[in-house]
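# Residue-level structural notes
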Amino acid sequence: MREVLDDLVAAMAAGHTVGLGTVVRTFRSAPRPAGAAMMVDADGSAVGSVSGGCVEGALYELATKVVESGQPVLQRYGISDDAAFEVGLTCGGILDIFVEPVSTAIFPELAQVADDVGAGRPVAIVTVIEHPDPAWLGRHLVVRPEGFVGSLGSERADHAVSDDVQGLLAAGRNATLMYGPDGQRRGEGMRVFALSFAPQPRMLVFGAIDFAAAVAKQGSFLGYRVTVCDARAVFATAARFPQADEVVVEWPHRYLQAQIAAGQVDERTVICVLTHDPKFDVPLLELALRHNVAYVGAMGSRRTHHDRLERLREAGLSEAELAKLSSPIGLDLGSRTPEETAVSIAAEIIALHWGGGGGRLSTMEARIHHEPTVEADHEDTGYELKPS
């Protein structure tokens, strides 16, 4: 929903009632993740995408009808649909899309949610997507680390769901949760979709070299908040790294240590070490490999890599910790230029995130879209959880 949020809030502020379709679950080779959204404004304009073109036409019509009726609908699109060839997904995937009318009167808390997202504050929206009582459908709960506002329909349900969504929010994950009609943890009948807006994941690039500029550009393109850090002030300048969100002059290991201490490095953070200088690399990698992050890659030749490993062993790192290091950094794409090398680094980060092998799809029979490789990365799958 992030990609339509500003347009959605603007339409609501203008007094419009908008039809909003949100992907709440995906199966098989679905083209868009859970949380993807499309809105249809009162003037007939559409913003966003839920399938890359497969079902947008049908969703447009449904969203228009939902605004007219005022009744939310949970709709499944895909090969299980009798009309698969008319509005289904040609890629063979299945999408569950919740379509609801949204206005200031229906969801007054959404404007503050948009402010939180813009300021990088963690916030989650919980929506009732299935319930035996139709009056509960489309009700919202807004969950923040300090508590919640709104109501799903009962105090019991609000507290049960809020408690569970706090954990999802901390990890930046989306999920469909199932409860009893009044929020009973061991019951069935009510399903809610929790959409987490966690701050952007971070990419920390160490070494203010020409390769770093290309890597920063790729990281920004992939949605990371990019920091370039180098101890040499003459090289670490904003003018040399226009794609970076910030450029820091500091010894790399000192900066990383300070960021860890401040809670600014988490399991989604990727770290690219491009300095290939032992006095920078070793103390930096010693910290990075002992912390729970998504990726640690280091540039250098194989000779540099083996020398680096020996220095890290002497520093006391275990073989398990060393196994987390991607070095030499990147996938084998035959890269030569900084830009090509940056693509290979980005490709490796993506492959490790989703469990891809880095091979050519034309030579494979396996499914195209992979599930995330680690639990903390489930924010895009919309998988279902039944609280215990």
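No experiment lies behind these values; they were computed from the predicted model shown. (Residues numbered from 1 in each chain as written. Predicted model: local features only at pLDDT ≥ 70, side-chain atom pairs only at ≥ 80, totals over all residues. Heavy atoms only, no water.)

### As for the pairing of strand S15 (residues 295-298)
- Where burial is concerned, the two faces of S15 agree: the one with Tyr295 and Gly297 and the one with Val296 and Ala298 are both buried.
- For strand S14 (residues 270-273) and S15, the ladder comprises 4 bridges, and the chain directions are parallel. When the bridges of S15 are listed, Ile271 appears paired with Val296.
- For the crossover from S14 across helix H8 (residues 278-288) to S15, the handedness is right-handed.
- In this sheet, strand S16 (residues 325-326) lies alongside S15 in parallel orientation, the contact comprising 2 bridges. (Buried < 20%, exposed > 50% of the residue type's maximum accessible area, 1.4 Å probe, protein only. Helix = DSSP H or I, 4+ residues; strand = E, 2+ residues; numbered from the N terminus. Pairing = 2+ DSSP bridges. Right-handed = clockwise from strand over helix to strand, strands pointing away.)

### Description of the pattern of salt bridges
- Evaluation of the coordinates by the stated rule reveals 16 salt bridges.
- A salt bridge links Glu246 to Arg225, with the shortest nitrogen-to-oxygen separation between them at 3.7 Å. Residue Glu246 is located in strand S13 (residues 246-249), and its partner Arg225 is located in strand S12 (residues 225-230); the two are separated by 21 residues in the primary sequence.
- Take Arg225: its relative accessible area is 26%, and that puts it in the partly exposed class.
- Where Asp281 meets Arg308, a salt bridge forms, and the shortest distance between an N and an O atom there is 3.2 Å. Within this pair, whereas Asp281 is found in helix H8, its partner Arg308 is found in helix H9 (residues 302-314), the two being separated by 27 residues in sequence. Just as Asp281 is buried, Arg308 falls in that class too.
- A cluster of three or more residues bridged by salt bridges with shared partners is formed by Asp116, Arg121 and Arg144. (Salt bridge = Lys/Arg side-chain N within 4 Å of Asp/Glu carboxyl O.)

### Brief notes about the packing of helix H1 (residues 5-13) against helix H4 (residues 110-119)
- Where H1 meets H4, the axes come as close as 10 Å, and the angle between the chain directions of the two elements is 145°. By crossing handedness, the relation of H1 to H4 is classed as left-handed. Residues Leu5, Leu8, Val9 and Met12 of H1 touch H4, and the partners they reach there are Leu110, Ala111, Ala114 and Val117.
- In the contact of H1 with H4, the residues fall into 8 nonpolar, no polar and no charged. (Axes fitted to C-alpha atoms, helices over the stretch in contact; angles between N-to-C directions. Left-handed = near helix turned anticlockwise from the far one by under 90°. Contact = heavy atoms within 4.5 Å. Nonpolar A, V, L, I, M, F, W, Y, C, P; charged D, E, K, R; others polar.)

### Some thoughts on unusual backbone geometry
- Of note, the amide linkage connecting Ser327 to Pro328 takes the cis form, showing an omega dihedral of -5°.
- Summarising the element assignment, Pro328 is placed in the loop between S16 and helix H11 (338-354).
- A positive phi angle, close to 35°, is found at His276, a residue other than glycine.
- Following the sequence through the fold, His276 ends up in the loop between S14 and H8.

### Some points on the sheet that holds S16
- Taken in spatial order, the 6 strands make up an open sheet running S13-S12-S11-S14-S15-S16, and their pairing is parallel. The strands lining the two open edges of the sheet, one partner per strand, are S13 and S16.
- In terms of strand pairing, strand S11 (residues 202-206) meets S14 through 4 bridges, oriented parallel. Counted as the bridge partner of Met203 is Val270 from S14.
- Together, S11, S12, S13 and S14 form the strand contacts of helix H7 (residues 252-261), whose direction differs from that of S11 by roughly 160°.
- In the packing of H8 onto the sheet, the strands contacted are S11, S14, S15 and S16, and the crossing angle to S14 comes to about 165°.

Spatial relationships are all this shows, so hold off on functional conclusions.
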